[in-house]
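Chain by chain, the residues:
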Amino acid sequence: MEKGTLVEFRNQGDRRLGVVERPDGKNRFIVLDERGQSTSLAPRQFTYKVVGQTYDASEIPDFLQQVESYLDPSSLEVAWELLVEDGASATPEEMANLLFSEAEPPQVYAAHCLLSDDKVYFKQKGDGYEPRSASAVAERKHQIEVEALKAKGQQEFLTRVQQALDGEAVEWQKHDRHRLEALEKYAALLADVTRGGVKYDSLAQAYPPPAQVLETMTMLGRTATPQGAFGLLVDLGWWSPNENLFLRRSSIPVQFPTKVTDVAHERLNSPPPDLDINRLDLTHLKVYTVDDETTTEIDDGLSWEMLPDNREKLWVHIADPTRWLVPEDELDLDARKRGSTVYLPTGMIPMFPEILATGPMSLIQGEICCALSFGIILDETGGVEDYSIHASLIKPTYRLTYEDVNDILESGVREEPEIAALGKWALKRKSWRYKQGAISINMPEATIKVKDDEVNIDLLDDSRSRQLVAEMMILAGEVAARYGKTHSIPLPFRGQPQPELPPEEELLLLPAGFVRACAMRRCMPKSEMSINPLRHAGLGLETYTQATSPIRRYSDLLTHFQIKAHLRGDVLPFSADELKEVMMTVTSITQEVVMVERQTNRYWALEYLRRHLDKAWDTTVLMWLREDSNLALILLEDLGLQLPMFFKRAVDLGEEILVKVTHSDPQKDVIQFQEIVYQEA
């Protein structure tokens, strides 16, 4: 190759010009660029040779300046329009003549640059370039426009991300939300850590990021892992550091569809006709609703009545949400998808829209309310002597808390003899159930509440008021089941097989109290559901169903639908087969709800302990999880929490030990304790 030949080559993808200086061996040449830097190149590395004259390296800048004045990409469109009809191809020299009316080296090289960079009008074929078809050009233009819009959108997204990271308020756009929602789904995979499916460090390998997530994370310079996505969403203020990943990974709907809320407002403004036209008027009765202070869905009330024959009648009034819906309507089907109200430390997700659930569906003090009322007469032992069930009208007299009822029971307030009577019958009722084989397992329970990022854990006291309400609810469930059994009504009956408890002499070897209760609890079989009556061994009842929370549990709502239709003499809304199918769906959903509630409570329990690393806790060793490795289940008595702990010494079941938390990571579901040992002076 002649010395001084001007050649084009690529350096890390960039177009460069150089002048051939001399051969370098048999098959290579030394090329000098405009800065005098030499490069050894093989001829195959030359992407273009400028012909017509030779150059010195110092002339390259002037040459490029001449070329620059011809580099107008829009000029190719004119050339394409001239050539496309014939489909004729053109070399750079021919294109220079066509575009610039001359073909000197600067013009020819300019034509080469335009053609080689062009992605729209021409494609290379041999030494020449042929025009693309009109349809191909149109498609190329569309692609470029799409890519330009995408690039613009990415840049705008990056700008908003930076604003959010700087703490500024950001108005996210629709396309932003698609990106962020994809990140949400990917970050929610961290919930698999506590589901036991995947080790924390292998999540990225187990779940490679989707294309959009990978693009977003790469664009932002972040690691494309579930942990990285979670951290980004928190940094953007899109998520809380304590985002509920268990809920996000579940199929539980958090919001109500617009169609459902629209129907709820319609029902509120224009109630449907009441099918129970002959409701029993019980507005003369004094009705007490008893709940926690924060309860908003009030679905049960209690009354006591002295009959003319001096017998006493107990009334359990249950809210009647079926007054506001019918089987298979929008409200009913949406509630069926939800299965139950979800109770989380951070708040609840109701089964029905709140405007109905906390409004006309609830038993509101001082207002006439529709109810399903169970009138029950017990014999002296506490067994059911007689009962009746009525679609009714009631007027709740007092809304009481459990603390209010405890005060009344303890002080013997004469103005409320009904409370004392209800308390007396609750005790008889409990005694009767235990004589029928009911099993009592008393383990501490706690409620975890999170408000304004403050975590509180409170023990639920097993007070007389709570026992009173619990016994009345169990009583109503027995009566509803007996009615269904007597009249052959398919209901969601609940049962529990008889447990095989350890022999009494074996139980007596265990420390009394929590350890013994824990051992018994391990033997209790899971409850069962059936459209046929079942014995419930744990409650000591031959037949039982849940009927007292129809605003909060869909299975209770099914019981109401069936019993109310039978009371009216109507065809049952659900045949046995239909009810069985619905129950299978609802059971699956409620199992997921229970799991999410349990996982969320555990998360916040570990978060609470993480915030109290210096506190000492009184604990009891409940049971061995792996005795060979000294892993036991301990009970933190002040919190009602049961958590695992490795011991460095031999301990006995029932032993009381002082511990502190050394490490707690709720996201990884890790908790570590250390025993506190005080040295004697």
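Right above here is the structure, for reference.
Residues numbered from 1 in each chain as written. Predicted model: local features only at pLDDT ≥ 70, side-chain atom pairs only at ≥ 80, totals over all residues. Heavy atoms only, no water.

(A) Representation of the overall build of the protein in the model. Along its length, the protein carries 21 helices and 25 strands. In terms of overall dimensions, the protein has a C-alpha envelope of 125 × 80 × 45 Å along the principal axes. Looking at the protein residue by residue over its 681 residues, the buried ones come to 47%. Considering only residue pairs separated by 6 or more positions, the protein has 65% of its internal contacts joining residues 24 or more positions apart. When the accessible surface of the protein is summed, it comes to about 34,800 Å², and 48% of that surface belongs to carbon and sulfur atoms. For the protein, the distance from the average site of its 74 positive side-chain charges to the average site of its 108 negative ones is 3 Å. (Helix = DSSP H or I, 4+ residues; strand = E, 2+ residues; numbered from the N terminus. Buried < 20%, exposed > 50% of the residue type's maximum accessible area, 1.4 Å probe, protein only. Contact = heavy atoms within 4.5 Å. Areas by Shrake-Rupley, 256 points an atom, 1.4 Å probe, with all protein chains shown as cover. Lys, Arg positive; Asp, Glu negative; His and termini not counted. Charge placed at Lys NZ, Arg CZ, Asp CG, Glu CD.)

(B) Up close: the pairing of strand E25 (residues 670–675). As defined by bridge partners, strand E24 (residues 656–665) adjoins E25 across six bridges and the pair is classed as antiparallel. Residue pairing in the sheet places His 663 in a bridge with Gln 672 of E25. Joining the antiparallel neighbours E24 and E25 is a turn of four residues, in which Asp 669 adopts a positive phi near 60 degrees. (Pairing = 2+ DSSP bridges.)

(C) Local environment of the environment of Ser 530. Residue placement: Ser 530 occurs in strand E20 (residues 528–530). Taking the C-alpha atoms as reference, Ser 530 lies 20 Å from Lys 564; in sequence the two are 34 residues apart. Side-chain polar atoms of Ser 530 contact the backbone nitrogen of Asn 532, separated by 3.0 Å. (Polar contact = N/O pair within 3.5 Å; in protein donor to acceptor, adjacent residues only side chain to side chain.)

(D) Representation of the pattern of salt bridges within the structure. This model, assessed by the stated rule, comprises 46 salt bridges. Glu 471 serves as the salt-bridge partner of Arg 433, at 2.6 Å between the closest nitrogen and oxygen. Residue Arg 433 is found in helix H16 (residues 417–435), and its partner Glu 471 is found in helix H17 (residues 464–486); the two are separated by 38 residues along the sequence. Residues participating in the shared-partner salt-bridge network are Asp 274, Asp 276, Arg 279, Asp 320, Arg 323, Lys 564, Arg 568 and Asp 570. (Salt bridge = Lys/Arg side-chain N within 4 Å of Asp/Glu carboxyl O.)

(E) Quick look at the sheet that holds strand E5 (residues 46–50). The antiparallel open sheet is built from five strands, whose spatial order is E4-E3-E2-E1-E5. In this open sheet, the two strands that pair with only one neighbour each are strand E4 (38–41) and E5. Looking at each pair of strands side by side, their axes are set apart by 40 degrees on average, direction ignored. With five bridges joining them, strand E2 (residues 14–23) and strand E3 (residues 29–33) adopt antiparallel strand pairing. Bridge pairing links Arg 22 to Ile 30 in E3. Across the sheet, helix H1 (residues 60–68) lies against strand E1 (6–11), E2, E3 and E5, angled at about 140 degrees from E2, the strand it touches most. (Axes fitted to C-alpha atoms, helices over the stretch in contact; angles between N-to-C directions.)

(F) Expanded view of the nonpolar core. One finds Leu 609 and Phe 673 to be the most contacted residues of the largest nonpolar core, which totals 59 residues. With nine residues, helix H21 (residues 576–610) is the single largest residue contributor to this core. Look past the residues within four positions of Leu 609 in its chain and what remains in contact with it is Trp 617, Leu 636, Leu 639, Leu 641, Leu 643, Val 661, Ile 671 and Phe 673. The next biggest cluster of nonpolar side chains, apart from the first, holds 38 residues, and it includes Val 384, Met 473, Phe 493 and Ile 563. (Core = buried A, V, L, I, M, F, W, Y, C linked by side-chain atoms within 4.5 Å.)

(G) Layout of the sheet that holds E25. Taken in spatial order, the five strands make up an open sheet running E23-E22-E21-E24-E25, and their pairing is antiparallel. Each having just a single partner strand, strand E23 (641–646) and E25 make up the two edges of the open sheet. For this sheet the average axis-to-axis angle between neighbouring strands, irrespective of direction, equals 45 degrees. Across six bridges, strand E22 (residues 631–636) lies against E23 in antiparallel orientation. Bridged to Leu 635 within E23 is Gln 642.

(H) Layout of a negative patch on the surface. Together, Glu 293, Glu 403, Asp 404, Asp 407 and Glu 410 make up a negatively charged patch on the protein surface. Relative to the helices and strands, Asp 404 is located in helix H15 (residues 402–411). (Patch = residues over 30% accessible without salt bridge, like charges linked within 9 Å, V, L, I, M, F, W, Y side chains within 5 Å.)

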